[in-house]
Amino acid sequence: MTEPLISIQNLSVRFGIGKSLFGVGAEVIAVDNVSLDIPQGHFFGLVGESGSGKTTLGRATLKAAPISGGEVHYSDSEVTYDLRNIDKTALKDYRRRAQLIFQDPYAALSPRMTVRDIIAEPLEVMRLTHSRAETDERVRDIAAKCRLNLEHLRRFPHAFSGGQRQRISIARALVCSPRFLVADESVAALDVSIQADILNLLKSLQNDLGLTFLFISHDLSVVAHTCDTVAVMYLGTLVEVAPTRNLFSGAKHPYTQALLSAIPSLDPDDDKPRQRLEGEIPSPTHPPSGCRFHTRCPHAVELCSQQTPVAEAVDDGHVVACHRWQALS
Ligand code: SF4
């Protein structure tokens, strides 16, 4: 079994909102009691609807969201960090080892900087190179790996298409030689043909550079051909984790089944009835009791609203949190 690069135990992330002068406000429980291991060298998918907490979980692994409870550990061949209790010096080093690829390639790049300067900026801010020549060499090297033409380095972002801009964002994220990358909806803003191109690039970079990815998406069809393992979140909790093939061929949780059922089929003869998710995802300020999915689950029974289901092993690497998964199988 590959050692985890990121190990999350009972993680909770809470935010206070709408606090008045008298200190009265609500609390958003964005992530609640999540445990998860992301093995080294894995392309790990995290899916769920908007508001499921997947972006917050990703940011917690980058120490960019508060860790209110539980633990997040990072461990590579050189260092081990406890992200809840990390000091300033270690955090500076961790910023080099763990990077974020942004969702929107149009908003992520400064229109006033050349592509060379955009890619070089993290190196200069973190003082990882000692001369301009060294910085330029590193920028050219990573630009070539991201299949950017070296001619492009002198231009400004407005001269590029969405796919090329996303390559620039990826080069910027990679220039400090990180080990761990969080790609948050990194292809959601692109056309389908460009999405495939960027996903192929991320996969080849993962293989060539030995990277570990946390790939966040609302779209299960995007993770199908990319990820080794997929975790499914609903309203701040983890409902199912499985190797991608197992999840697509034998999902056990009713929420995962509904997400899979919503993927459009290319087969004109496919007349399987679709499972529709009724209603909106409830507010994370007042999550439902017991199983958080019980207000929308077609299989809910009394127990579901009374008791929180615990994660149970289905198979090797496949866990599900549902009281009725065996009966429904
Ligand atoms: Fe549905 Fe109950 Fe399972 Fe939750 S625990 S998914 S409500 S059957």
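On a predicted model such as this, the values are computed, not experimentally measured, just so you know. (Residues numbered from 1 in each chain as written. Predicted model: local features only at pLDDT ≥ 70, side-chain atom pairs only at ≥ 80, totals over all residues. Heavy atoms only, no water.)

Novice: Can you tell me about the overall build of the protein, naming the residues and giving the values?
Specialist: Looking only at helices and strands, the protein features 11 helices and 12 strands. Taking 20 Å as the expected radius of gyration for a compact globule of 329 residues, we find that the protein reaches 21 Å, a close match to that expectation. In terms of its C-alpha atoms, the protein occupies a principal-axis envelope of roughly 65 × 60 × 45 Å. Taken over 329 residues, the protein has a buried fraction of 47%. (Helix = DSSP H or I, 4+ residues; strand = E, 2+ residues; numbered from the N terminus. Rg over C-alpha atoms; globule rule 2.2 N^0.38 Å. Buried < 20%, exposed > 50% of the residue type's maximum accessible area, 1.4 Å probe, protein only.)

Novice: Lay out the packing of aromatic side chains with the relevant residues and their values.
Specialist: Scanning all chains against the criterion turns up 8 aromatic pairs. Ring plane angle 20 degrees and centroid distance 6.5 Å describe the contact between Tyr74 and Tyr81, whose orientation is recorded as stacked. The class for Tyr74 is buried, based on a relative accessible area of 0%. Assessed through its relative accessible area of 12%, Tyr81 is described here as buried. Ring-pair connections join several aromatic residues into one group, and the members of that group are Phe43, Phe213 and Phe215. (Phe/Tyr/Trp six-rings, centres within 6.5 Å; stacked < 30°, edge-to-face > 60°.)

Novice: Please provide a residue-by-residue account of the packing of helix α3 (residues 115-125) against helix α5 (residues 162-174), values included.
Specialist: Angle between the axes and distance between the axes: these two values describe a pair of packed helices. At their nearest, the axes of α3 and α5 sit 7 Å apart, and the two run at 30 degrees to each other. Compared by their axis directions, α3 and α5 come out roughly parallel. Between α3 and α5 lies a crossing of right-handed hand. Contacts between α3 and α5 pair Val115, Ile118, Ile119, Glu121 and Pro122 from the former with Ile168, Ala171 and Arg172 from the latter. (Axes fitted to C-alpha atoms, helices over the stretch in contact; angles between N-to-C directions. Parallel < 35°, antiparallel > 145°, perpendicular 65-115°, else oblique. Left-handed = near helix turned anticlockwise from the far one by under 90°. Contact = heavy atoms within 4.5 Å.)

Novice: Lay out the pattern of salt bridges in plain terms, naming residues and giving numbers.
Specialist: Tallied over the entire structure, the rule returns 19 salt bridges. With its nearest N and O atoms 3.8 Å apart, the salt bridge here joins Glu27 to Arg14. Taken as a pair, Glu27 in strand β2 (residues 26-39) and Arg14 in strand β1 (residues 4-17) lie far apart in primary sequence, 13 residues in all. Accessibility expressed as a relative area gives 42% for Glu27, which makes it partly exposed. Judged by relative accessible area, Arg14 falls into the partly exposed class, the value being 33%. Asp141 is paired through a salt bridge with Lys145; the nearest N and O atoms lie 3.2 Å apart. Of this pair, Asp141 and Lys145 both sit in helix α4 (residues 132-145), 4 residues apart, which is roughly one turn of the helix. Owing to a relative accessible area of 31%, Asp141 belongs among the partly exposed residues under this scheme. Owing to a relative accessible area of 34%, Lys145 belongs among the partly exposed residues under this scheme. (Salt bridge = Lys/Arg side-chain N within 4 Å of Asp/Glu carboxyl O.)

Novice: Describe the sheet that holds strand β7 (residues 180-184), listing the residues and the values that go with them.
Specialist: Spatially, β6-β7-β8-β3-β9-β10-β12-β11 is the arrangement adopted by the 8 strands of the open sheet, whose pairing is mixed. For this open sheet the edge positions go to β6 (98-101) and β11 (312-315), each flanked by a neighbour on one side alone. Pairs of neighbouring strands in the sheet enclose a mean axial angle of 20 degrees, with direction left out of account. Sheet topology note: the strand β10 (residues 237-243)/strand β12 (residues 318-320) ladder contains 2 bridges and is antiparallel. Each residue of the ladder has a partner; that of Glu240, found in β12, is Val320. Along the sheet, helix α6 (residues 192-209) contacts β3 (43-47), β6 and β8 (212-217); its crossing angle with β8, the most-contacted strand, is approximately 160 degrees. Contacting β9 (229-234) and β10, helix α9 (residues 254-261) runs over the sheet at an angle of about 110 degrees to β9. (Pairing = 2+ DSSP bridges.)

Novice: How would you explain the sheet that holds strand β5 (residues 80-82) if you had to name every residue and give the values?
Specialist: If you walk across this open sheet you meet the 4 strands as β2-β1-β4-β5, and the pairing is antiparallel. Looking at which strands have only one partner, the edges of the open sheet turn out to be β2 and β5. The sheet shows a mean angle of 20 degrees between the axes of neighbouring strands, direction not considered. Strand direction decides the pairing type here: β1 and β2, joined by 10 bridges, are antiparallel. Pairing of Phe15 across the sheet is with Val28, part of β2. Contacting β1, β2 and β4 (69-75), helix α1 (residues 54-61) runs over the sheet at an angle of about 120 degrees to β1. Most of the contacts of helix α2 (residues 88-97) go to β5, to which it runs at about 115 degrees, and overall it touches β1, β4 and β5.

Novice: Got a sec to walk through the domain arrangement of the protein? Specific residues and values, please.
Specialist: We note that the domain assignment places domain 1 (4-234) and domain 2 (253-264 + 273-329) within the protein. For domain 1 and domain 2, the distance between their C-alpha centres works out to 29 Å. Both faces combined, the contact of domain 1 with domain 2 buries some 1300 Å², and carbon together with sulfur accounts for 67% of it. The interface formed by domain 1 and domain 2 includes 2 salt bridges. (Domains from an automatic or database assignment. Buried area = accessible area lost by both parts, 1.4 Å probe.)

Novice: Let's hear about α5: which residues, and what values?
Specialist: When the terminal C-alpha atoms of α5 are compared, their 18 Å separation across 13 residues agrees well with the 18 Å that a helix rising 1.5 Å per residue should span. Among the 13 residues that make up α5, 11 are buried, leaving the element largely enclosed by the rest of the structure. Of the residues making up α5, those classed as buried are Gly162, Gly163, Arg165, Gln166, Arg167, Ile168, Ser169, Ile170, Ala171, Ala173 and Leu174. On its buried side, α5 packs onto β6, α3, α4, β7 and α6. (Expected span 1.5 Å × (residues − 1).)

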